[in-house]
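What follows is the residue order along each chain.
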Amino acid sequence: MKVLSQNTAFGGMQGVFSHESEACKGEMTFAVFVPPQAIKEPRPVLWYLSGLTCTHANVMEKGEYRRMAAELGLIIVCPDTSPRGTEVPDELTNWQMGKGAGFYLDATQTPWAEHYQMYSYITEELPAFVSQHFRVDMSRQGIFGHSMGGHGAMTIALKNPDRFRSCSAFAPIVEPSTADWSIGAFEKYLGEDKAAWRQYDACALVKDGARFPEFLIDQGKADSFLDNGLRPWLFEEAIKGTGIGLTLRMHERYDHSYYFISTFMDDHLKWHAERLA
């Protein structure tokens, strides 16, 4: 593990690290905040998945999570959103595809399949690596994210209900199989057979029988992507009669930015902490 930076914050440590990834065939960067309580005992871990065009740094610099995470004793892990490097395929003029747009799936199509294995990286390789290097209680894991990362958090929770105790999202893409800004990526990563897309679509997973106890979703009503990309009401409809709990909060005047995320970050951390206690 390479230590790229370490800084003290709220009595804990904010670090940025990198390692060689077998899943993504290259060096991957991730951030970890370790609260002061971890000096004495293993602490619960929250995985935060970022959105399109982002890296590990966006939430680390603008999410304002450290004060509350230190108070609650939560370890926060912030992975990158895709593989990086000169050898990694990309579409330089398309921000919805390639680097910064991994969609937290395992690509099956050429040339993407060699490096874009983000589902395996997030669910298998990175947790195993983090558990070796940090004092985490892997029996108490939660996951959350924003936009594309909200999509990733929800699908990963639905596919791994025995691993995660809690899941929340800021403005998630709840049905990427039909959303304007994800259809193109899904077709290139996974092929034209839309049946293969369903395992990475929260609404489709629920319809196909996947279950998770409950979700918290915050969504801004002034979000410019609300009607064509996010559409949380589709997930609300999909879970009817399933027993899945949902707290969906729609907020006047809030947009898709980190001003919105940082406003409600404390609420999400407290919500997860209650379920990870």
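Residues numbered from 1 in each chain as written. Predicted model: local features only at pLDDT ≥ 70, side-chain atom pairs only at ≥ 80, totals over all residues. Heavy atoms only, no water.

(A) Structural view of the pattern of salt bridges. Across all of its chains, the model carries 15 salt bridges by this definition. Among the salt bridges present, the one from arginine 140 reaches aspartate 137, with a minimum N-O distance of 2.8 Å. Residue aspartate 137 is classed as buried on the basis of its relative accessible area of 18%. Taken together, the shared-partner salt bridges connect Arg67, Glu71 and Asp266 into one network. (Salt bridge = Lys/Arg side-chain N within 4 Å of Asp/Glu carboxyl O. Buried < 20%, exposed > 50% of the residue type's maximum accessible area, 1.4 Å probe, protein only.)

(B) Up close: helix α3 (residues 118-133). At leucine 126, α3 shows its maximal kink, close to 35°; a proline, proline 127, follows between one and four residues later. For α3, every residue scored as buried is listed here: Met118, Tyr119, Ser120, Tyr121, Ile122, Thr123, Glu125, Leu126, Pro127, Phe129 and Val130. (Bend = angle between axes of the 7 residues up to and from the residue. Helix = DSSP H or I, 4+ residues; strand = E, 2+ residues; numbered from the N terminus.)

(C) Focus on the pairing of strand β6 (residues 136-146). Extensive coverage of β6 is indicated by the burial of 9 of its 11 residues. As judged from the 6 bridges shared by strand β4 (residues 43-49) and β6, these two strands associate in the parallel manner. Looking across to β6, one finds that valine 45 is bridged to glutamine 141. Bridge count between β6 and strand β7 (residues 164-170): 6 bridges; the pairing is parallel. Within β7, the residue paired with histidine 146 across the bridge is phenylalanine 170. Once you follow β6 into helix α4 (residues 148-159) and on to β7, the crossover reads as right-handed. (Pairing = 2+ DSSP bridges. Right-handed = clockwise from strand over helix to strand, strands pointing away.)

(D) Looking closely at the nonpolar core. In terms of nonpolar packing, the biggest core is built from 92 residues, with Phe30, Phe103, Tyr189, Phe235 and Leu269 touching the most fellow members. At 8 residues, helix α9 (residues 258-276) tops the list of elements feeding residues into this core. Phenylalanine 235 has contacts with Met154, Val174, Ala202, Cys203, Val206, Phe215, Ile217 and Leu246, leaving out every residue within four places of it along the chain. (Core = buried A, V, L, I, M, F, W, Y, C linked by side-chain atoms within 4.5 Å. Contact = heavy atoms within 4.5 Å.)

(E) Seen up close, the packing of aromatic side chains. Per the stated rule, a full pass over the model turns up 21 aromatic pairs. Taken together through their ring pairs, the aromatic side chains of Tyr48, Phe144, Phe170, Tyr254, Phe260 and Phe264 make up a single cluster. A cation sits over an aromatic face here: arginine 66 above tyrosine 65, 5.0 Å from the ring centre. Across the ring face of tyrosine 200, the terminal group of lysine 159 is positioned such that the distance to the ring centre comes to 5.4 Å. (Phe/Tyr/Trp six-rings, centres within 6.5 Å; stacked < 30°, edge-to-face > 60°. Lys NZ or Arg CZ within 6 Å of the ring centre and 35° of its normal.)

(F) Representation of unusual backbone geometry within the structure. A cis geometry characterises the amide bond from threonine 110 onward to proline 111, with omega recorded as 0°. Examined against the element boundaries, proline 111 turns out to sit in the loop between β5 (75-79) and α3. Positive phi, normally seen in glycine, also occurs at serine 147, with a value near 60°. Along the polypeptide, serine 147 turns up in the loop between β6 and α4. For serine 147, a relative accessible area of 2% gives the class buried.

(G) Representation of the sheet that holds β7 within the structure. Across the sheet, which stays open at both edges, the 9 strands sit in the order β1-β2-β3-β5-β4-β6-β7-β8-β9 with mixed pairing between neighbours. Across the chains shown, the open sheet's two edge strands, defined by having one partner strand only, are β1 (2-9) and β9 (245-251). Taken over all neighbouring pairs, the strand axes of this sheet differ in orientation by 20° on average, direction set aside. Bridging between strand β3 (residues 26-34) and β5 involves 4 bridges; their strand directions are antiparallel. Within the sheet, the bridge partner assigned to alanine 31 lies in β5 and is cysteine 78. On the sheet, α9 packs against β4, β5, β6, β7, β8 (214-220) and β9 and is oriented at approximately 165° with respect to β7. (Axes fitted to C-alpha atoms, helices over the stretch in contact; angles between N-to-C directions.)

(H) Expanded view of the environment of alanine 202. Within the secondary structure, alanine 202 is located in helix α6 (residues 202-207). Expressed as a C-alpha distance, the spacing of alanine 202 and serine 257, which sit 55 residues apart in the sequence, is 22 Å. Not counting residues up to four positions away in its chain, the partners in contact with alanine 202 are Met154, Thr155, Leu158, Val174 and Phe235.

(I) Expanded view of the environment of tyrosine 189. Assignment of secondary structure puts tyrosine 189 in helix α5 (residues 180-190). Residues tyrosine 189 and isoleucine 143, spaced 46 residues apart in sequence, show a C-alpha to C-alpha distance of 23 Å. When neighbours within four sequence positions are excluded, tyrosine 189 is seen to be in contact with Met97, Gly98, Ala101, Gly102, Phe103, Leu105, Ala107, Thr108, Gln109, Trp112 and Tyr116.

(J) Main features of the environment of histidine 146. Mapped onto the fold, histidine 146 is located in strand β6. Remark: the alpha-carbon pair of histidine 146 and serine 50, spanning 96 residues in sequence, is separated by 5.4 Å. For histidine 146, the residues in contact, after removing those within four places along its chain, are Tyr48, Leu49, Ser50, Gly51, Phe170, Ala171, His256 and Ile261.

By themselves, these figures tell us nothing about what the structure is for.
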